[in-house]
Amino acid sequence: MLHSVLFYVFAGVMFGAAMGVVFSRNPVHAVMFLVFTFFNAAILWLLAEAEFLAIVLVLVYVGAVMVLFLFVVMMLEVDVEAAKRGLTRYAPLGIALALVMAIELVNVIWLRGKIDSDVGGFVATPEGYSNTEALGAVLYTEHVYAFEIAAVILLLAIIAAITLTMRKRPGLKVQDVAKQVATRAKDRLRVVRMDAEKKQ
Amino acid sequence: MPESLAGPIPQFLVDFWNTWPPVLQYLTTTLFKILIVTVAVILCVAFSTYFERKVIGSMQSRVGPNRVGWKGLLQPFADVFKLLFKEVVVPSQSNRFLYVVAPLLSLTPALATWAVIPMNDWFVIADINAGLLYVLALTSVGVYGVILAGWATNSKYALLGAMRSAAQIVAYEIAMGFALVGILMASGSLNIGDIVEAQSGGVGNWFLIWLFPLFLVYWIAGVAETNRAPFDVAEGESEIVAGFHVEYSGVAFALFFLAEYANMILISTLTAVFFRGGWASPLEGFALFEPFHDTAWIGWFFGGGFPWLFIKMCVFMYVFFWLRATFPRYRYDQIMRLGWKVFIPVTIVWIFVEGAMAWLEVGPWAGAGA
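Keep in mind it's a predicted model, so treat the numbers as computed, not measured.

### Notes on the overall build of chain A
So, point 1. When its secondary structure is counted, chain A shows nine helices and zero strands.
So, point 2. Across chain A, the fraction of contacts at a sequence separation of at least 24, relative to all contacts at a separation of at least 6, is 53%.

Structure below.
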C-alpha cells in the first residue's frame, strides 16, 4: 500500500519534471529539470530494491553527464525564437517518434504482462538480498563477454572523441612539464656580487 | 544500541516507548539520529573555522582570533551572528530562483552523505549495503551548487569560477572513484561498516599501509574536490575575487561556507574511515595496553569508538589547514595534468598491484583466504 502510494507520487513528480524538460524556455532550467527527472527515476529504482542501479544512475548521469551538459548549455546563447520557428517543420517527425515509443511501451507493459503473469508487480525479494551482489554475480560470469565488449566499445569511443577534437596547429607552444620540474634555481638565476655604489 | 546505555533510562519511559507502533519508533529514532549528526557537523564546522584561523595564525607567527570569549573560542558564533544579520543582496540581472536554490544544492549533499558514515560499531543512520557508492554519488552531486551559483548570478567572475570548478571536480572524481575501487577490492564490501571491520586488529591492518598510493590519491583528490587551497582556483580570491560566490552575501554566503567546511570534515572523516581504520583504536593488538581495555571509565576509549574517529578526523583537518598555509595555488593546466595524467594512471597501476597481492595472498589478504 505504502509502496504504491510512494510509487505514484514519485512517478507523478517524474512525469512533471520530464514535461518541464520539454516545455521550459530556458535551457539551463531544462537541464535542471532533467536532473530532477533522473533523481525521481533513481527513487523508483530504489522502491524496486535495485539500489545499485539507482545509485549508479545518480553517480553517472547526475554526477557526471549532466554536469557536462550544464557546462555546455551555460556557454551557449540559445535563440528561443529561432527554435520555435522550427517547431512546425519538425512536428511530424516528433509525433512519429512519440508514436513508435508509445507502441513499444505498450508492448512491454501490456502485451508482455498478459503472456507472463509474473510481471503483475514487483516480486518481493528474499531477506538479505543484495542487488549489487546479484548484478556482480551474473555480470562477471554469464555476461562477461558482453561486458568486456561494451568496455572496448567505450574505449574506442573515448579514443575517437579525442582524435576528432585534437587539432595540431603549427607553432603551438607546449610546456615540457618534466623539464619545468627539473629546473633548479641556478639555471635561471645568477647571483652577482658587487660593491655598494655611491648615492646619487 | 548496546544494552549498557539503556541502563539509566527510567522504567516508565521504557514502557511508554514500547507502547508506540514500530513505524513511529523507527521514524523517531532516525530523526533523532539525524538531528544529532547534523548538529554535531554544524558545531564542528563552527569550531573548525576557529581551528583553521589559529593554525594558520601560528604558522604565520600571529595569534589568530583572541577577542571574543576565552582565547577567542566564541569567535565562530560572533561570525555566524554577523552573517545572519547581514542583508542578502540579490543582483538585479540574476536568475532569482536558481540564485536562491544554489546554496541549498551545495549544502544538502554535504550533509546527506553523513547518513551512511558509521561513528562507531553501532551508531549509523542508514546501514545500507551500497554505502560507498552512495558516498560517491552524493559527493558528485555537490558540484551543482557551485555551477548554478556561478551561472545564476550573471557575473563574469562567478561564471569563470563555476567553469573551473566543474572541470576540476569532474576530473578528480574519476581518480577518487578509482582509489575507492582499491578499497572495495581490499575489503570486499560496499558497506562502510564492513570496510572499517576489515581494518580492525591494529595499525598493521589499516589500508593506509597496503594502499598507500591510493591513500595519497584519495586525499589529494579530496582536497581538490572541496576546492580548498592549493586547488582553490574556483574561488581564487586574488584573480577572480571570490569565484562562484562573489555575489553572495549574508546567509546565502554562510550556506556556501557551511557546505565547504562540511565537505572538508566529510573528506577528512572518509579518509579516516577508508584508510585509517575509522573508529578502530590504533592501540589494538599492543600487549602494553591490554589491561586498560577492561578498566572502568577509560576502557571505552582504549577499546576504540567515536573518540578515535574524531581524533583521526581532526588530524586530517589540520592537514587541510597546513596545506593552505604552505602551498601557493596550482596553475589551472597543472591541476588538470595532475588529475588526468598522474592520478588516474597511479590508481590503475595500483589496482593491478592489488590484484597481484590478492592472488599471492599478501597484505590484507594474508590468511584470510579471500
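### Section: the overall build of chain B
So, point 1. Assigned secondary structure in chain B consists of 15 helices and zero strands.
So, point 2. Over its C-alpha trace chain B gives a radius of gyration of 22 Å, about what one expects of a compact globule, namely 21 Å for 370 residues.
So, point 3. Excluding contacts between residues fewer than 6 apart, the proportion of contacts in chain B whose partners are at least 24 apart in sequence is 78%.

### Considering the interface of chain A and chain B
So, point 1. Facing the 18 residues of chain A at the interface are 18 residues of chain B.
So, point 2. Ranked by residue count, the leading element in the side of chain A that touches chain B is helix α3 (residues 51–75) of chain A, at 14 residues.
So, point 3. Partitioning the side of chain A that touches chain B into residue classes produces 14 nonpolar, three polar and one charged.

### Brief notes about the nonpolar core
So, point 1. Counting residues in hydrophobic clusters, the biggest one holds 124 residues, and the most contacted among them are A:Ile55, A:Val58, B:Leu133, B:Ile147, B:Ala162 and B:Ala221.
So, point 2. Excluding its chain neighbours within four sequence positions, the residues that come into contact with B:Ile147 are A:Val67, A:Leu70, B:Ala162, B:Ser165 and B:Ala166.

### So, the packing of helix α3 (residues 22–59) of chain B against helix α14 (residues 306–326) of chain B
All names here are of chain B.
So, point 1. Close contact between α3 and α14 brings their axes to 9 Å; oriented N to C, the two are set at 45 degrees. Compared by their axis directions, α3 and α14 come out oblique. Here the hand of the crossing between α3 and α14 comes out right-handed. Residues Ser48, Phe51, Glu52, Val55, Ile56 and Met59 of α3 form the contact with α14, whose participating residues are Met317, Tyr318, Phe321, Arg324 and Ala325.

### Things to note about the confidence of the model for chain A
So, point 1. For chain A, per-residue confidence averages 82 on the pLDDT scale, and residues scoring 70 or more make up 88% of the total.
So, point 2. The lowest-confidence element of chain A is helix α4 (residues 80–85) of chain A, averaging 67 in pLDDT; the highest-confidence one is helix α7 (residues 144–165) of chain A, averaging 92.

### A short note on the packing of helix α8 (residues 156–187) of chain B against helix α15 (residues 332–360) of chain B
So, point 1. Direction vectors running N to C along α8(B) and α15(B) enclose 10 degrees, while the axes themselves pass 9 Å from each other. Compared by their axis directions, α8(B) and α15(B) come out roughly parallel.

### Side note on the environment of B:Ile209
Residue and element names in this part refer to chain B.
So, point 1. Within the fold, Ile209 resides in helix α10 (residues 207–210).
So, point 2. Residue classification places Ile209 among the partly exposed residues on the basis of 14 C-beta atoms within 10 Å.
So, point 3. Residues Ile209 and Gly188 lie 21 residues apart in sequence; the distance between their C-alpha atoms is 17 Å.

### Let's talk about helix α11 (residues 212–225) of chain B
Residues and elements named next belong to chain B.
So, point 1. Under the 1.5 Å per step criterion, the end-to-end length of α11 is 19 Å for 14 residues, consistent within 8% with the ideal 20 Å.
So, point 2. Every buried residue of α11 is accounted for by Leu214, Phe215, Val217, Tyr218, Trp219, Ile220, Ala221, Gly222, Val223, Ala224 and Glu225.
So, point 3. Check the buried side of α11 and you find it contacts α6 (131–141), α8, α10, α12 (250–275), α14 and α15.
So, point 4. Directly after α11, the chain includes Asn227, whose backbone phi takes a positive value near 60 degrees.

### Looking at unusual backbone geometry
Negative phi characterises most residues that are not glycine, and trans characterises most peptide bonds.
Residues and elements named next belong to chain B.
So, point 1. Of note, the phi angle at Lys71 is positive, near 55 degrees, even though the residue is not glycine.
So, point 2. Looking at the secondary structure, you find Lys71 in the loop between α3 and α4 (75–85).
So, point 3. One non-glycine residue, Asn227, lies in positive phi territory at about 60 degrees.
So, point 4. Structurally, Asn227 is set in the loop between α11 and α12.

### Regarding the environment of B:Gln75
Residues and elements named next belong to chain B.
So, point 1. Its location among the elements puts Gln75 in helix α4.
So, point 2. According to the C-beta neighbour criterion, Gln75 is buried, with 21 such atoms within 10 Å.
So, point 3. Sequence spacing of Gln75 and Pro65 is ten residues, and the spatial spacing of their C-alpha atoms is 6.9 Å.
So, point 4. Dropping the residues within four chain positions of it, Gln75 is found in contact with Tyr50, Pro65, Val68 and Gly69.

Conventions and cut-offs
The residue count restarts for each chain, going from 1 along the sequence in the order it is written. Following the order in which they are written, the chains are lettered starting with A and the ligands numbered starting with 1. Residue-level local features of this predicted model are given only where pLDDT is at least 70; pairs of side-chain atoms are given and counted only at 80 or more, and the full residue set underlies all totals for whole chains, interfaces and linings. Going along the chain from the N terminus, every DSSP run of H or I of four or more residues is numbered as a helix, and every run of E of two or more is numbered as a strand. With C-beta atoms placed from the backbone, a contact is any residue pair whose C-beta atoms sit within 7 Å. Every radius of gyration here is taken over C-alpha atoms, with the globule rule written as 2.2 Å times N^0.38, N being the number of residues. Residue polarity is assigned by list, with Asp, Glu, Lys and Arg as charged and Ala, Val, Leu, Ile, Met, Phe, Trp, Tyr, Cys and Pro as nonpolar; anything else, Gly included, falls into the polar class. Take the buried Ala, Val, Leu, Ile, Met, Phe, Trp, Tyr and Cys residues, join any whose C-beta atoms are within 7 Å, and the set you get is a nonpolar core. Three classes are used. A residue is buried when 20 or more other C-beta atoms lie within 10 Å of its own, exposed when 12 or fewer do, and partly exposed in between, with C-beta atoms placed from the backbone. Axis definition: a line fitted to C-alpha atoms, over the contacting stretch in the case of helices. Angles run 0 to 180 degrees between N-to-C directions. Orientation categories follow fixed angle ranges, with anything under 35 degrees roughly parallel, anything over 145 roughly antiparallel, 65 to 115 roughly perpendicular, and all other angles oblique. For any pair of crossing helices, the crossing counts as left-handed if the nearer helix is rotated counterclockwise from the farther one by less than a right angle, and right-handed if it is rotated clockwise. pLDDT is defined as a per-residue confidence score from the predictor, taking values between 0 and 100. Multiplying 1.5 Å by the residue count of a helix minus one yields the expected span of that helix.

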